[in-house]
Amino acid sequence: MNAGGATDRKQSLSVLCGKWFAVGLLLLLAVLLLSAAAPEKHLSVYSTAANYSLPLVERDGRDYVGLLELLEPLGTVSAKSEPPRWRLHYNNVLSEFAVGSTRARIQGRDAILPTKFLLENGRGLVPVASLASILPRVLGGPVTVHEESGRLFVGSVATHFTASVSPDDSSRLVFHFTSPVNPTVATEPGKVYLTFNREPVTSPASETLTFASKAIPSATYSENNGAAKITVNSTIPLLASFSNDGQTITLAPTKSQPASSTAATISASTPPPANPPAQLPASNPSLPISRRYFAIVDASHGGNDRGEALSPSLAEKDVTLAFAHWLRQELDSRGLSTLVLRDSDVNLSLDDRAAAANTAHAAVYIALHAASSGHGVRLYTTLLPYSVDYDNGPFRAWTTAQQSSVPLSQATVASVATALKKDEINVRSLTAPLRPLNNVITAAIAVEIAPPASDISALVSPAYQQLVTSAVADGISAIRSQLGAAP
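These remarks concern the structure in this document. Going along each chain's sequence as written, the residues are numbered from 1 onward. The predicted origin of the model limits local features to residues at a pLDDT of at least 70 and limits the giving and counting of side-chain atom pairs to 80 or more, whereas totals for whole chains, interfaces and linings rest on all residues. The basis for every side-chain value is the complete set of non-hydrogen atoms in the structure, without hydrogens or water.

Details of the pattern of salt bridges
Between Lys or Arg on one side and Asp or Glu on the other, a salt bridge is scored when a side-chain nitrogen of the former is within 4 Å of a carboxyl oxygen of the latter. Applying the stated criterion across every chain, the model contains 16 salt bridges. Between Lys317 and Asp345 there is a salt bridge; the shortest N-O distance is 3.0 Å. Highlighted residues: Lys317 in helix α4 (residues 316-333) and Asp345 in the loop between β26 (338-340) and α5 (350-360), separated in sequence by 28 residues. Burial classes: relative accessible area under 20% of the type maximum marks a residue as buried, over 50% as exposed, and values in between as partly exposed (1.4 Å probe, protein chains only). Assessed through its relative accessible area of 7%, Lys317 is described here as buried. Numbering of helices and strands starts at the N terminus; helices are DSSP runs of H or I of at least 4 residues and strands are runs of E of at least 2.

Below, the structure written as structure tokens:
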């Protein structure tokens, strides 16, 4: 009997141990699953001084970040903890926070936080949701916060991009970025992922891009946990290649070889200028003149020609290039194939621009300018005759080549002006003896963009750039049938 009882006790103990082991295993699996499902959150900070990442902590269901750690890479900063007060000096700006309070003082002015300030072991924590309101006061400049994805942009540092399939091969997708990038590239059947962990890449006009290609039908843009990602959907395996300057990424079938990039010689059938350009600069993308683009977008100035000094640190050539990239994306998204004539910081003469536009046989030529004076947008058509002492164009007068297309140019301006007014953008329509409008043989307009109000920084605001270019694209699209019918 005693032996049987001992056996029963051993069996019960064995069963109990087995149950505890099973419970422990389940708890371990639960911990592992929770760890995998909830990776550490980060805030990526992009600025002209440095690009860096900071860990976030969650308190009471809110994401918090250490304010001292956030500011250290950006300037001279120090903090002093005297509970319940926490004082922070950044350069010459004094900020004061109170533990457990939603009210702060920055340079003697009140600031309201969306949730309370925390102090942990002398470390001041502020909610990420407060950064958009308190950082501009501390830093003295604009700040953009993507709270949901954990990304913070200090000043005008965003990198924009456009994407389009190659005119000669629809199985090749070409990305152009406004600054050098070096993403992580990953692939799986039917998809290519470009992940940007360090670069301030931002969303295009539409987060979903569609292409007229069976091989590469679409791409999507997304942001998460301090990173940006472009997902390219494809029906064939693709391989990524990078340009030497890091601003162009080409996705092409794995068996194809990247085509060499050479400068295109201007066709002799183009009405020649007084000083004919024999060749475009080698640094400018070659013009596929065998294809007729619907629109030519020309970012004014470039290279040694900085254009107007819009501010001590902002040149017109940089603003026009950013607007050109946005406008190409907007026109492409409306099914209007578009070539950006100056797609990088290169020198192009006025004759180069007109000759290239005429050679490409586009339906419309759009020159982009920027200005610090005035508000909104000014639209120009040419004012003819353009008075000169000589004209060397043997086929068509170079200085008055626009003559036969003036009515169509005026109709284009009227359509664009209507679209701008619809979006409540201040607009004026003018005429002026502008080159290269005078030399372009198709519909040709100039779009001069000024800030909507007195703040010149609006010219580099993605929101304003998209607002203007979307309206211009709407105006062009509205008259597409009339433009497309032109010879």
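Notes on the packing of helix α6 (residues 406-422) against helix α7 (residues 462-478)
For the pair α6 and α7, interaxial distance at closest approach is 7 Å and the crossing angle is 135°. As judged from the angle between their axes, α6 and α7 are oblique. The way α6 lies across α7 gives a crossing that is right-handed. Contacts between α6 and α7 involve Thr412, Ser415, Val416, Ala419 and Leu420 on the former and, on the latter, Val468, Ala471, Val472, Asp474, Gly475, Ile476 and Ala478. The class makeup of the residues in the contact of α6 with α7 is eight nonpolar, three polar and one charged. What counts as an axis is a line fitted to C-alpha atoms, over the stretch in contact for a helix, and the angles between N-to-C directions run from 0 to 180 degrees. In what follows, roughly perpendicular refers to angles from 65 to 115 degrees, roughly parallel to angles under 35, roughly antiparallel to angles over 145, and oblique to any angle outside these ranges. Left-handed is the label given to a crossing in which the near helix is rotated counterclockwise from the far helix by less than a right angle, and right-handed is the label when the rotation is clockwise. Any pair of residues with heavy atoms lying within 4.5 Å of one another is described as a contacting pair. Amino acids are sorted into nonpolar (Ala, Val, Leu, Ile, Met, Phe, Trp, Tyr, Cys and Pro), charged (Asp, Glu, Lys and Arg) and polar (every other residue, Gly among them).

Overview of the sheet that holds strand β7 (residues 93-98)
Note: two strands are recorded as paired if DSSP finds a minimum of 2 bridges between them. Read from one edge to the other, the open sheet built from five strands follows the order β5-β6-β7-β8-β9, with strand pairing classed as antiparallel. Only two strands of the sheet have a single partner each, and these edge strands are β5 (77-82) and β9 (109-112). Adjacent strand axes in the sheet meet at a mean angle of 20°, parallel and antiparallel pairs treated alike.

Re α4
Each α-helix winds once per 3.6 residues, and so residues spaced three or four apart point in a common direction. For α4, with 18 residues, the first-to-last C-alpha span of 26 Å sits near the 26 Å given by 1.5 Å per residue. With 15 of 18 residues buried, α4 lies mostly within the body of the structure. Immediately downstream of α4, the backbone of Gly335 shows phi near 80°, a positive value. Take the number of residues in a helix, subtract one, and multiply by 1.5 Å to get its expected span.

Thoughts on the side chain of Thr382
Considering the arrangement of structural elements, one finds Thr382 in strand β28 (residues 377-382). You can call Thr382 buried: its relative accessible area is 6%. In terms of polar contacts, Thr382 uses its side chain to reach the side chain of Asn438, at 3.0 Å. Beyond its immediate stretch of four places on either side in the chain, Thr382 contacts Gln402, Val406, Thr431, Ala432, Leu434, Leu437 and Asn438. As used in this structure description, the phrase polar contact means that two N or O atoms lie within 3.5 Å; if the pair is within protein, one of them must be able to donate a hydrogen and the other to accept it, and residues adjacent in sequence are counted only when both atoms belong to side chains.

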